[in-house]
Every structure is written in C-alpha cells, then in structure tokens.
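The lines below spell out each chain.
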Amino acid sequence: MIVTVVSVPDGGTTTVSVPEARRRLATDRFLLLGVELPEEEEPARGPAEEPLVRQLGLDDEDLEWFGRPGGSPRAEFLGDTAGFVVPVVRAGQVHQVHALASETFLVVVHWGRRAGLAGDIRALVRRERPRDAVAALFLLLQEALSTFRRAAVQALLQVEELEDDMFEARRPEQIYRLSQLRRHSAVLHHALLPYLQGVDEVITRRMLSPDFPVERQRLAQEFQRASRLVLADIESLQDASRRAFASYGSLVAGEQNGVINRLAIVSVIFLPLSFLTGFFGMNFEFLTNRLETRDEFWLLAVGLQLIAVVGSLFLLHRSRIWRRLRDDD
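Per-chain numbering applies: the sequence of each chain, read as written, is numbered from 1 onward. In keeping with the model being predicted, local features are shown solely for residues with a pLDDT of at least 70 and side-chain atom pairs are shown and tallied solely at 80 or more, while totals for entire chains, interfaces and linings include all residues. In computing side-chain values, all of the structure's heavy atoms are included and hydrogens and water are not.

A. Region of the structure containing the overall build of the chain. What counts as a helix is a DSSP run of H or I of at least four residues, what counts as a strand is a run of E of at least two, and both are numbered from the N terminus. When helices and strands are tallied, the chain shows 9 helices and 7 strands. Buried residues in the chain amount to 38% of all 329 residues. In the chain, once contacts between residues fewer than 6 apart in sequence are set aside, the share between residues at least 24 apart is 67%. We get accessible surface area from the Shrake-Rupley algorithm with a probe of 1.4 Å; when it comes to residues, only the shown protein chains can shield them. Just so you have it, the chain exposes about 19,500 Å², and 54% of that area is on carbon and sulfur atoms. Summary of the burial criterion: residues with accessible area below 20% of their type's maximum are buried, those above 50% are exposed, and those between are partly exposed, where the area comes from a 1.4 Å probe applied to protein chains only. A contact between two residues is defined here by any heavy atoms of the two lying within 4.5 Å.

B. How the structure looks around the environment of Leu 141. Note that Leu 141 resides in helix α4 (residues 133-168). According to the relative accessible area criterion, Leu 141 is buried, its value standing at 1%. Residues Leu 141 and Pro 87, spaced 54 residues apart in sequence, show a C-alpha to C-alpha distance of 9.4 Å. Aside from chain neighbours lying at most four places away, what touches Leu 141 is Phe 84, Val 86, Tyr 195 and Phe 223.

C. View of a negative patch on the surface. Here, patches come from residues exposed beyond 30% relative accessible area and free of salt bridges, joined within 9 Å for like charges and within 5 Å for nonpolar side chains (Val, Leu, Ile, Met, Phe, Trp, Tyr). The salt bridge criterion pairs a side-chain nitrogen of Lys or Arg with a carboxyl oxygen of Asp or Glu, the two atoms within 4 Å. None of His or the chain ends enter the tally, which takes Lys and Arg as positive and Asp and Glu as negative. For charged residues, the charge sits on one atom: NZ in Lys, CZ in Arg, CG in Asp, CD in Glu. Together, Glu 160, Glu 161, Asp 164, Asp 165 and Glu 168 give the surface a local cluster of negative charge. With respect to the secondary-structure elements, Asp 165 resides in helix α4. Judged by its relative accessible area of 32%, Asp 165 is partly exposed.

D. Structural context of the side chain of Thr 147. For Thr 147, the position within the fold is in helix α4. Among the residues examined, Thr 147 registers a relative accessible area of 3% and is labelled buried. Polar contact is defined as a pair of N or O atoms within 3.5 Å, subject to the rule that within protein one atom must be able to donate a hydrogen and the other to accept it, and that residues adjacent in sequence are counted only when both atoms are side-chain atoms. Polar contacts involving the side chain of Thr 147 include one to the main-chain amide nitrogen of Val 89, which spans 3.3 Å.

E. Representation of the confidence of the model for the chain. For the chain, per-residue confidence averages 77 on the pLDDT scale, and 83% of positions sit at 70 or higher. Note on residues 41-48: pLDDT under 50 across the span, and 6 contacts to partners over four residues away in sequence or across chains. Confidence of the predictor at the level of single residues is captured by pLDDT, which takes values from 0 to 100.

F. Focus on the nonpolar core. Here, nonpolar core means buried Ala, Val, Leu, Ile, Met, Phe, Trp, Tyr and Cys residues that are tied together by side-chain atoms lying within 4.5 Å of each other. Membership of the largest hydrophobic core comes to 54 residues, with the highest contact counts inside it found for Phe 84, Leu 106 and Phe 223. In terms of residue count, α4 provides more of this core than any other element does, 17 residues in total. By size, the runner-up hydrophobic cluster in this structure holds 22 residues, among which are Ala 21, Leu 58, Val 85 and Val 107.

G. Here's a closer look at the packing of α4 against helix α5 (residues 172-207). Between N-to-C directions, angles cover 0 to 180 degrees, with each direction set by a line fitted to C-alpha atoms, over the stretch in contact for helices. Running from N to C, α4 and α5 cross one another at 155°; their axes reach a closest spacing of 10 Å. Between α4 and α5, the crossing angle belongs to the class labelled roughly antiparallel. α4 and α5 meet at a crossing whose hand is left-handed. Contacts between α4 and α5 involve Phe 138, Leu 141, Leu 145, Phe 148, Ala 151, Ala 152, Ala 155, Gln 158, Val 159, Leu 162, Asp 165 and Met 166 on the former and, on the latter, Gln 174, Arg 177, Leu 178, Leu 181, His 184, Leu 188, Ala 191, Leu 192, Tyr 195, Leu 196 and Ile 203. Note on residue classes: Ala, Val, Leu, Ile, Met, Phe, Trp, Tyr, Cys and Pro are nonpolar, Asp, Glu, Lys and Arg are charged, and everything else, Gly too, is polar. Across the contact of α4 with α5, the residue classes tally to 18 nonpolar, 3 polar and 2 charged. Roughly parallel means an angle under 35 degrees; roughly antiparallel, over 145; roughly perpendicular, 65 to 115; everything else is oblique. Rotating anticlockwise by less than a right angle from the far helix to the near helix defines a left-handed crossing, while the corresponding clockwise rotation defines a right-handed one.

H. Structural view of the pairing of strand β5 (residues 81-90). Of all 10 residues that make up β5, 10 are buried, and the element is covered over most of its length. Where burial is concerned, the two faces of β5 agree: the one with Thr 81, Gly 83, Val 85, Pro 87 and Val 89 and the one with Ala 82, Phe 84, Val 86, Val 88 and Arg 90 are both buried. Only strands that DSSP links by at least two bridges are regarded as paired with each other. Looking at chain direction, strand β4 (residues 74-78) and β5 are connected through 5 bridges and run antiparallel. Within β5, the residue paired with Glu 76 across the bridge is Gly 83. Hairpin connection from β4 to β5: 2 residues lie between these consecutive antiparallel strands, with Gly 79 at a positive phi of about 70°. Counting the residues that bridge the hairpin from β5 to strand β6 (residues 93-101) gives 2 residues, and of these Ala 91 lies at a positive phi of roughly 55°.

I. Structural view of unusual backbone geometry. Although it is not a glycine, Ala 91 adopts a positive phi angle of roughly 55°. Here Ala 91 is to be found in the loop between β5 and β6. Residue class for Ala 91 comes out exposed when judged on its relative accessible area of 79%.

J. Region of the structure containing the pattern of salt bridges. The tally for this structure, following the rule as stated, stands at 7 salt bridges. Between Glu 143 and Arg 150 there is a salt bridge; the shortest N-O distance is 3.2 Å. Assessed through its relative accessible area of 10%, Glu 143 is described here as buried. Accessibility expressed as a relative area gives 44% for Arg 150, which makes it partly exposed. Arg 171 is the partner of Glu 173 in a salt bridge, and the nearest nitrogen-oxygen pair spans 3.0 Å.

K. Molecular detail of the environment of Ile 175. Turning to its location among the elements, Ile 175 is positioned in helix α5. Leave out the neighbours within four places in its chain, and Ile 175 touches Phe 245 and Tyr 248.

L. Structural view of a nonpolar patch on the surface. A contiguous nonpolar patch, built from Phe 275, Phe 279, Met 282 and Phe 284 and spanning about 420 Å² of accessible area, is present on the exposed surface. Mapped onto the fold, Phe 275 is located in helix α6 (residues 214-280).

Here it is in structure tokens:
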C-alpha cells in the first residue's frame, strides 16, 4: 500500500507511512490523501489484518466497504462524511475508485496506477485550487465523468469512421469492430447510470436541507448538469452504433438484391431455351417423322433459340431491372 499526500495549491505529492497519514488525518485542517493498493484481487484477510478505515483511524462500522475491491457504485452520506464508489474509464476499461470526504479531508483509494486519478487530481488542484475537501471531492467526481465523456466521444468517432468506410468498401471485420464498440457503449452505460442515479438522489436530498451552503449547491448543480451531458453522449454512442448496424444490414440487403436480380436475368434468358430444348426433345410423331433435314434443324432448333435469346435481352434492356443493375455498377 502506497499512501501519498497531495499538497494544495501546487499539487505536489509526498509519500508518507500509514501511521503518519493517520496522524495527519486527525490533526490537519485540509488534507488530500491518495492510497494506492496492489492491482490484484481481494486477498484473504488474516486475523490481524485490519480494514483500511481502521488503519487510517476512520473507524466506522458503515465504512467497512471502503478500500475493498469489487462492489457496486455507491453514493451515501454518513453524518458529516460522504462515501463514494466512483467508476472511471482507463484504457477502455471501467475501474472503481473509492472516495471518502468530510469537512477536513478527502481520501481516494484506487488499485494500480492505471486505474487511479492521481495525475488528473494533481493537475486539477494546481488549476482550480479548491478551498476545502468538499470542493476537491467535486473535482474528483467531475474528472471521473470526464473519463466517460472522453471514452464515449472517442468511440463515437470510431463508429462514424467505420460507417464511412462501409459505404466505400464493406468488409467482414467492420461488423466485428462495430460489435465491440456497441458492447463498449453498453458497458459505459451500465457502469455510469446506477452511479449517477445514486449520486443524484443523495445530492438532491442534501440540497433540500436548509443548512447546505450556497457554494456547494452550485458545485452540485454543475455536477448534475455535467452528468446529464455525459449520459447523453453515451446514449448518442449507442444510437450511432445501432445506426451503423442498420447501415451495414442495408448494404448487405442491397448486395443480396443485386445478386437476386442477376439471377433473375439469367433465368429470363435460359427459361425459353430450356423450354425449346425440352419441347424438341420429346418423341412426338411430327418431330421424329417430319423434321428430318438439316435446314429444318437449324431453322427450328437453333433459330428459335437465337430469337428467344435476342428477344429476352431486348426486353431486359427496356425494363427497369437492367437500368437498375447498370446504375448500381
């Protein structure tokens, strides 16, 4: 476990021990604390191993979930403390970040360097310079939303590029890539929607309290507005992926219609030939006793077939099917 303290306002970090972090949580007036846990599954807890909240001196029975991997998105107020399980997107995958905030501290827990927001939070602290831990918490929540927005916009651009490529040249790998992007949009929506519903419910309930400060109301309203925009971006990605699938299906249907039309042309040409061949292959008395000379053979057996082929091609040339095939080519 790596514990770092983010200084305000320069955004620098200092690595401290767990006892030092526990002491500073109890004494400092404004502390931003980052905890990086190993990037692995939840280990089996031994009898002497304490939960993270107890190691940091935040002993609370309602906070046993804090620092444990897994679980669903969470947003709840426990007296003067707010706890969140925040989903973030890193390298196309959804990870979880735990956040615990009070009037004096903000503790952020993540697993592995790729899943965290340490670099983003340092940049935000240097740029925004939050006044207290609650303002820093809203910066964290806004940055988590930004990861979803960037992932949705990037995937949306990929869907549009694939859709343009399909109209130029349809390839089987395009439908596979579209399936991946559609699945990705579903994962983003499934991860973000329950979290936003929980946060919106908690924020709305707190905003109804008369002792909720005006500045924090503004931060909460900005977060709610940004969350609706991000959710709209993800829904736009889902609509675009469905539209791309529909376009791919339309292209396939158009190609199949072209093949059917060509088969129809072949059938129109060979149908009279098949009829003439079958007719003159019958053993009628007239055919076997009267048509005996070479001239009669060329006139009836070959001449009628040539007339049938030329007539079929003339009719097809004057029909809509021929013009449609010519326009498609």
